[in-house]
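# Coordinate analysis (summary)
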Amino acid sequence: MDFSLSPQEEAFRKELCDWLDKNTPELRQRMRRQGPPGGAPGAGEESPEAQEFTRWWHKKLYDAGYVGIAWPKEYGGRGATIMEQVIFNEEMAKHRAPGGVGGLGIGWAGPTIMAAGTEEQKKRFLPKILSGEEVWCQAFSEPEAGSDLANSQTRAVEDGDDYVVNGQKVWTTGGMRADWAILLAKTEFDPSVPRHRTFSYFLMDMHSPGVTVRPLREMTGAAAFGETFLDNVRIPKNLMVGQKNNGWYISMGTLEFERSNSSSAIQHLTTISNLIELTHKMERNGQPLSKDPVTRQKIAQFYIEANVGKYIGLRALTRQLRGQTPGPESSVGSLLAMELGQRIEDLAMYLQGPYSQLVRGSKYAIDNGAWQRSFLASRGRTIMTGTSEIKRNIIAQRTLGLPRYTE
Ligand SMILES: Cc1cc2nc3c(=O)[nH]c(=O)nc-3n(C[C@H](O)[C@H](O)[C@H](O)COP(=O)(O)OP(=O)(O)OC[C@H]3O[C@@H](n4cnc5c(N)ncnc54)[C@H](O)[C@@H]3O)c2cc1C
């Protein structure tokens, strides 16, 4: 890949930097009111103010043409090049600017619809994902089907022009506020058929009668995900993605998009900048921690790893722009990013010493307790999008060609 920028790409960077320089002062002001940023995404409280703030920032980005940089123009995107997408990600990180609403819609529901949906589905759903008018969630996991997703029991039975869905999903991030869900449900009930050929993939209206989402409170104190109960929910047949009983393979593509998009190394570069700011504020033995040799070594190592992750991410993005899914290699980048994210948060706690015990509400809490919330949220990173063990299994089997593990 050629990393030198064309005049058009240089012009894009300049235009974007000018826009960010103009708009980040107001962003910072609003963020200060919210409490300063910590590390891991998803750590924010689900308060109405936080939601309002994200909607405001999303609209600003969208109106300026900075949402869906590499998405085709016909679906509301900018139709820009891979390098422009990379420049955008880099500059957002450098300016420490957060993303907008609908990370899941833009990151993996939308790309799945783009790769496997009908033209009618693309026209109906993609523009509203980008504008933030419709927010998406993912209803895959069940109480007895997490790593072993093929054990899912939710059933979708044909009835006239619809499928009627019954079952229970769990850990549905954003389910309480979502307008639409990507759903995996069983549509073949013959026990002699291999499990992977028994599922279909649906787009489900979360406002349909029969959908109930009960919030689950996490150790951060926020309720970012919920249990989703599906009781005779009707889904029109034209909202199935791909062929009947082919949903497993489509869901594997979704997971690849999810793994390549959910915790990017570039987000870590932003967190590392926040960490560096922390080292200037905290002292040990009368010296700022920014002068402590061990702390400096650790942060430099994080920076190296975040950059390795950045280039792994570029490979996945290249495949995506060629119309392919990111491939099993997306597990390499995701595993690196998720585990690195936890180590960065661990160091932030260590640097704060006894102050690390103080949470939001204490007047002595560092950065108003933002690091404590993001530290707690980061524990879920090696579980969400598939656990670290599952990702290592995928790398061993599908990338390195090692045989499948059986006891
Ligand atoms: C923050 C967060 C957000 C999430 N958001 C969503 C969402 O929006 N939508 C959704 O559908 N799901 C979501 N999930 C669920 C997530 O996908 C599952 O938690 C994950 O797949 C693990 O499943 P499980 O919790 O059932 O654990 P289990 O599958 O029961 O695993 C338990 C332990 O056994 C290990 N294990 C299991 N099988 C193997 C194996 N074959 N080899 C080696 N070790 C193994 C696992 O690594 C783990 O340590 C979210 C989870 C978290 C933490």
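Per chain, the residues get numbers from 1 upward, laid out in the order the sequence is written. In keeping with the model being predicted, local features are shown solely for residues with a pLDDT of at least 70 and side-chain atom pairs are shown and tallied solely at 80 or more, while totals for entire chains, interfaces and linings include all residues. Side-chain measures here rest on the full set of heavy atoms in the structure, leaving out hydrogens and waters.

## Points about the packing of aromatic side chains
When two rings of Phe, Tyr or Trp (its six-membered ring) have centres within 6.5 Å they constitute a pair, described as stacked for plane angles under 30 degrees, edge-to-face for angles over 60, and tilted for the intermediate range. Under the counting rule described, the total for this entry stands at 13 aromatic pairs. Arranged with centres 5.3 Å apart and planes meeting at 65 degrees, the rings of Trp19 and Tyr66 form a pair that is edge-to-face. Separated by 47 residues along the polypeptide, Trp19 in helix H1 (residues 7-34) and Tyr66 in the loop between helix H2 (48-63) and helix H3 (82-94) bring together distant segments of the chain. Side by side, Trp19 and Tyr66 carry an identical accessibility label, which is buried. Secondary structure follows DSSP: runs of H or I at least 4 residues long count as helices, runs of E at least 2 residues long count as strands, and numbering of each begins at the N terminus. Each residue gets one of three labels from its accessible area relative to the maximum for its type: buried under 20%, exposed over 50%, partly exposed in between, using a 1.4 Å probe on protein chains only.

## Considering the packing of helix H9 (residues 330-352) against helix H11 (residues 388-399)
Every axis corresponds to a line fitted to the C-alpha atoms, with the helix fit spanning only the stretch in contact, and the corresponding angles, defined between N-to-C directions, vary from 0 to 180 degrees. In the contact formed by H9 and H11, the axes pass within 9 Å of each other and the chain directions differ by 150 degrees. The angle between the axes of H9 and H11 places the two elements in the roughly antiparallel class. Between H9 and H11 the crossing geometry is left-handed. For the pair formed by H9 and H11, the contact residues are Ser331, Val332, Ser334, Leu335, Met338 and Glu339 on the first element and Ser388, Lys391, Arg392, Ile394 and Ile395 on the second. Polar here means any residue outside two lists: the nonpolar Ala, Val, Leu, Ile, Met, Phe, Trp, Tyr, Cys and Pro, and the charged Asp, Glu, Lys and Arg; Gly therefore counts as polar. Residue composition of the contact of H9 with H11, by class: five nonpolar, three polar and three charged. Here the angle decides the label: under 35 degrees means roughly parallel, over 145 means roughly antiparallel, 65 to 115 means roughly perpendicular, and every other value means oblique. Whether a crossing is left-handed or right-handed is set by the direction in which the near helix is turned from the far one by less than a right angle, anticlockwise for left-handed and clockwise for right-handed. Note on definitions: a residue-residue contact is assigned when non-hydrogen atoms from the two residues lie within 4.5 Å.

## Considering the domain arrangement of the protein
If you check the domain split of the protein, you get domain 1 (7-131), domain 2 (136-245) and domain 3 (253-399). Throughout the structure description, domain borders are defined by an automatic or database domain assignment. Relative placement of domain 1 and domain 2: their C-alpha centres are 27 Å apart. Buried surface area refers to the total accessible area, computed with a probe of radius 1.4 Å, that the two partners give up upon joining, counted for both partners together. Between domain 1 and domain 2, a total of about 1,400 Å² is buried, with carbon and sulfur atoms accounting for 62% of that surface. Each salt bridge in this description consists of a side-chain nitrogen of Lys or Arg and a carboxyl oxygen of Asp or Glu lying within 4 Å of one another. Inspection of the domain 1/domain 2 interface yields zero salt bridges. Any pair of N or O atoms that falls within 3.5 Å is considered a polar contact. Within protein, one atom must be able to donate a hydrogen and the other to accept it, and sequence-neighbouring residues count only if both atoms are side-chain atoms. For the interface between domain 1 and domain 2, the tally reads three residue pairs in polar contact (both at pLDDT 80 or more). Looking at the side of domain 1 that touches domain 2, the elements that each hand over two or more residues are helix H4 (103-116) and helix H5 (119-131). No other element matches the seven residues that H4 contributes to the side of domain 1 that touches domain 2. Partitioning the side of domain 1 that touches domain 2 into residue classes produces seven nonpolar, six polar and four charged.

## Side note on the nonpolar core
By nonpolar core we mean a set of buried residues, namely Ala, Val, Leu, Ile, Met, Phe, Trp, Tyr and Cys, connected to one another through side-chain atoms within 4.5 Å. If you look at the biggest cluster of nonpolar residues, it comprises 61 residues, and the most contacted ones within it are Trp57, Trp136, Ile182, Leu183 and Met204. The contact partners of Trp136, leaving out residues within four places of it in the chain, are Leu104, Gly105, Ala109, Ile113, Phe125, Ile129, Ala178, Trp180, Ala181, Ile182 and Leu203.

## What about unusual backbone geometry?
Backbone geometry places Asn285, a non-glycine residue, at a positive phi of 50 degrees. Note that Asn285 resides in the loop between strand S9 (283-284) and strand S10 (287-288). Using a relative accessible area of 77% as the deciding quantity, one classes Asn285 as exposed. Positioned with a positive phi, Asp367 is a non-glycine residue whose angle comes to about 50 degrees. Residue placement: Asp367 occurs in the loop between H9 and helix H10 (370-378).

## Focus on the site of the ligand
By nearness alone, 16 residues border the ligand, and Ser147, Trp171, Thr173, Thr387 and Glu389 come closest of all. In the environment of the ligand, an oxygen atom lies 3.1 Å from a nitrogen or oxygen atom belonging to the backbone of Phe140. Within the contact set of the ligand, an oxygen atom lies 2.6 Å away from a side-chain nitrogen or oxygen of Ser147. Contributing elements (two or more residues each) for the shell around the ligand: strand S3 (162-173) and H11. Lining the shell around the ligand are residues from two domains, each supplying at least three of them: domain 2 (136-245) and domain 3 (253-399). Near is defined per residue: the residue qualifies when any heavy atom it owns lies within 4 Å of the molecule or strand.

## Brief notes about H4
An expected span of 1.5 Å times one less than the residue number is assigned to each helix. Across its 14 residues, H4 extends 19 Å between first and last C-alpha, which sits within 8% of the 20 Å expected from 1.5 Å per residue. A maximum bend of about 35 degrees is found in H4 at Ala109, where proline Pro111 lies one to four positions downstream. At any given residue, the bend is defined as the angle formed between two axes, one fitted to the seven residues that end at that position and one fitted to the seven that begin there.

## Some words on the packing of helix H6 (residues 247-261) against H9
Between H6 and H9, the shortest axis-to-axis distance is 8 Å and the interhelical angle comes to 40 degrees. By the criterion of interaxial angle, the relationship of H6 to H9 is oblique. In the packing of H6 onto H9, the handedness of the crossing is left-handed. Two secondary-structure elements touch here, H6 through Glu256, Arg259 and Ser260 and H9 through Ser330, Ser331 and Ser334. Here the contact of H6 with H9 is composed, by residue class, of no nonpolar, four polar and two charged.

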